[in-house]
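# Remarks on the overall topology
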Amino acid sequence: MFFAYPNELSTIQTSINVAVSRNGRNVGLVIRFHFHDCFVQGCDASLLLGGAGSEKESPANDGVLGYDVIDDGKAAVESVCPGVLSCADILVVAARDASVAVGGRHGP
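Scope of this entry: the structure provided in the associated data block. Since the model is a prediction, treat every value here as computed from it, not as a measurement. (Residues numbered from 1 in each chain as written. Predicted model: local features only at pLDDT ≥ 70, side-chain atom pairs only at ≥ 80, totals over all residues. Heavy atoms only, no water.)

## Side note on unusual backbone geometry
With phi around 65°, alanine 45 is a residue other than glycine that occupies positive phi space. Counting through the fold element by element, alanine 45 comes out in the loop between α2 (26-41) and α3 (67-80). Judged by relative accessible area, which is 6%, alanine 45 ranks as buried. (Helix = DSSP H or I, 4+ residues; strand = E, 2+ residues; numbered from the N terminus. Buried < 20%, exposed > 50% of the residue type's maximum accessible area, 1.4 Å probe, protein only.)

Structural data, given as structure tokens:
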């Protein structure tokens, strides 16, 4: 992943930390969201897309929550560097940061 702006990652991390401090359950929601997005056809953030026949509307994803956490992170990133990161990039970084927020490893 190439990042053109110095605040991209810290902006996502701050957004996730706020969400986790608001509700510790958000850690699991974001990680599960990431899993469901990646499970079918790869990590493409297609779970964020609604509409008939979409992954978001699929019965297999009925219990997926955390859209608000991801939407907040995306809005935060877009406010500092609009149009730079894809939704898939934001989702991957958000899942990593959710894990780190509760003591998971950061990095390889």
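From this point, the narrative continues.
## A closer look at the packing of α2 against α3
Running from amino to carboxyl end, α2 crosses α3 at an angle of 85°, the nearest separation of the two axes being 9 Å. Taken together, the axes of α2 and α3 lie roughly perpendicular to each other. In this structure, α2 contributes Asn26, Val30 and Phe33 to the contact, and α3 contributes Tyr67, Val69 and Ile70. Of the residues that constitute the contact of α2 with α3, the class distribution is five nonpolar, one polar and no charged. (Axes fitted to C-alpha atoms, helices over the stretch in contact; angles between N-to-C directions. Parallel < 35°, antiparallel > 145°, perpendicular 65-115°, else oblique. Contact = heavy atoms within 4.5 Å. Nonpolar A, V, L, I, M, F, W, Y, C, P; charged D, E, K, R; others polar.)

## Description of α2
Under the 1.5 Å per step criterion, the end-to-end length of α2 is 24 Å for 16 residues, consistent within 8% with the ideal 22 Å. Along α2, the residues that are buried comprise Asn26, Val27, Leu29, Val30, Phe33, His34, His36, Asp37 and Cys38. Elements in contact with the buried residues of α2: α1 (8-22), α3 and α4 (87-101). Phi for glycine 42, located one or two positions after α2, is positive at around 95°. (Expected span 1.5 Å × (residues − 1).)

## Regarding a nonpolar patch on the surface
A contiguous nonpolar patch, built from Phe35, Phe39 and Val40 and spanning about 350 Å² of accessible area, is present on the exposed surface. The topology assignment puts valine 40 in helix α2. Residue classification places valine 40 among the exposed positions, given a relative accessible area of 52%. (Patch = residues over 30% accessible without salt bridge, like charges linked within 9 Å, V, L, I, M, F, W, Y side chains within 5 Å. Areas by Shrake-Rupley, 256 points an atom, 1.4 Å probe, with all protein chains shown as cover. Salt bridge = Lys/Arg side-chain N within 4 Å of Asp/Glu carboxyl O.)

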